[in-house]
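Chain by chain, the residues run as shown.
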Amino acid sequence: MHALTIAAAAAGALLCAPVHAADTNVTVNAAVVRPNTLIKTDDLDFGTLVSGATGGTVTINPVTNARTSGGGVTLVGTSARRAVFQGTGGIFLITVSGSTSVTLARVGGGAPPMTATLVRAASTSGGGIALLGGTLLPSGVQTYYIGGTLTVPANQAPGDYSGTFTLTVNYL
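As the structure is a prediction and not an experimental result, all values here were calculated from the model.

In terms of helices and strands, the chain carries one helix and 12 strands. Along the chain, helices (α) and strands (β) appear in the sequence α-β-β-β-β-β-β-β-β-β-β-β-β when read from the amino end. When burial is assessed residue by residue, the chain has 27% of its 172 residues classed as buried. Pairs at least 24 apart in sequence give 67% of the contacts found in the chain among residues at least 6 apart. Within the structure as shown, the chain displays about 10400 Å² of accessible surface, and the carbon and sulfur contribution to it stands at 58%.

What follows is the structure, encoded as structure tokens:
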């Protein structure tokens, strides 16, 4: 009986799938901010959505990063996010300006563009977040958040849409 047990164990070992190893690459990022500079760390992304028979909106809150919709727009997935910029500098104050809206055109054309109204917010390494109308008193690293509301027409053509906007920070 001992020989039968060994033979069964050996047969079971032969039926097991071979062991394989797998490698994968992982991206690691770091942002180094020099005085009086501004860098982008994340793009504004309204995410995936479905345009309905009536127009609607998609909003990304610049403070909370929450995404909501209104009207005939259905949200799909969770890939949406606010834009994030970081900078340092300024002795007395910082003035922030730039685009207040952005036009998103369909990659490859063939569809009417969509428009997003932008909203800015900021925080400092000292804490707190404030909606930006123009100035911010400096304190360490400043983080700027851009959200907004995308207006989606009824039955908007499917596809990838993109656009660019400008954020200007003057260190005084």
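Here we come to the nonpolar core. The biggest cluster of nonpolar side chains holds 24 residues, and the ones touching the most others in it are Phe46, Tyr144, Leu150, Leu167 and Val169. When residues of this core are traced back to their parent elements, those giving at least two are strand E2 (48-60), strand E4 (83-88), strand E5 (94-98), strand E6 (101-106), strand E7 (114-124), strand E10 (141-152) and strand E12 (167-171).

Attention now goes to the confidence of the model for the chain. Mean pLDDT over the chain works out to 81, with 73% of the residues at or above the 70 mark. The model gives residues 1-14 a pLDDT under 50, and that stretch makes zero contacts with residues more than four places away or in other chains.

Here the focus is the environment of Ser123. Tracing the backbone shows Ser123 in strand E7. A relative accessible area of 10% places Ser123 in the buried class. Note: C-alpha distance between Ser123 and Val141 (18 residues apart in sequence) is 8.4 Å.

A separate point is the side chain of Gln156. With respect to the helices, strands and loops of the structure, Gln156 is situated in the loop between E10 and strand E11 (161-162). Gln156 gets classed as buried once you look at its relative accessible area, which sits at 11%. Within polar-contact distance, the side chain of Gln156 engages the side chain of Tyr161 at 3.0 Å. Apart from the residues lying within four places of it in its own chain, the contact partners of Gln156 are Ser51, Ala111, Pro112, Met114 and Tyr161.

Judged from the nine bridges that link them, E2 and strand E3 (residues 67-76) form a sheet pairing that is antiparallel. Bridge pairing links Ser51 to Val73 in E3. Here E2 hands over to E3 after six residues, with Asn65 in that stretch at a positive phi of 70°. With five bridges connecting them, E2 and E10 associate as antiparallel partners. Looking at the pairing, Ile60 lines up with Gly148 of E10.

Take the pattern of salt bridges next. For side chains bearing opposite charge, pairing can occur when the charged atoms are close. This structure, assessed with the given rule, holds two salt bridges. Between Asp43 and Lys40 there is a salt bridge, with the nearest N and O atoms lying 2.8 Å from each other. For Lys40, a relative accessible area of 47% puts it in the partly exposed group. With a closest N to O distance of 3.7 Å, Asp42 and Arg81 form a salt bridge. With Asp42 in strand E1 (residues 37-42) and Arg81 in the loop between E3 and E4, this residue pair connects regions lying 39 residues apart in the sequence. A residue is classified by how much of its surface remains accessible, and Asp42, at 31% relative accessible area, is partly exposed.

Thresholds applied
- Residues numbered from 1 in each chain as written.
- Predicted model: local features only at pLDDT ≥ 70, side-chain atom pairs only at ≥ 80, totals over all residues.
- Heavy atoms only, no water.
- Helix = DSSP H or I, 4+ residues; strand = E, 2+ residues; numbered from the N terminus.
- Buried < 20%, exposed > 50% of the residue type's maximum accessible area, 1.4 Å probe, protein only.
- Contact = heavy atoms within 4.5 Å.
- Areas by Shrake-Rupley, 256 points an atom, 1.4 Å probe, with all protein chains shown as cover.
- Core = buried A, V, L, I, M, F, W, Y, C linked by side-chain atoms within 4.5 Å.
- pLDDT = per-residue confidence, 0-100.
- Polar contact = N/O pair within 3.5 Å; in protein donor to acceptor, adjacent residues only side chain to side chain.
- Pairing = 2+ DSSP bridges.
- Salt bridge = Lys/Arg side-chain N within 4 Å of Asp/Glu carboxyl O.

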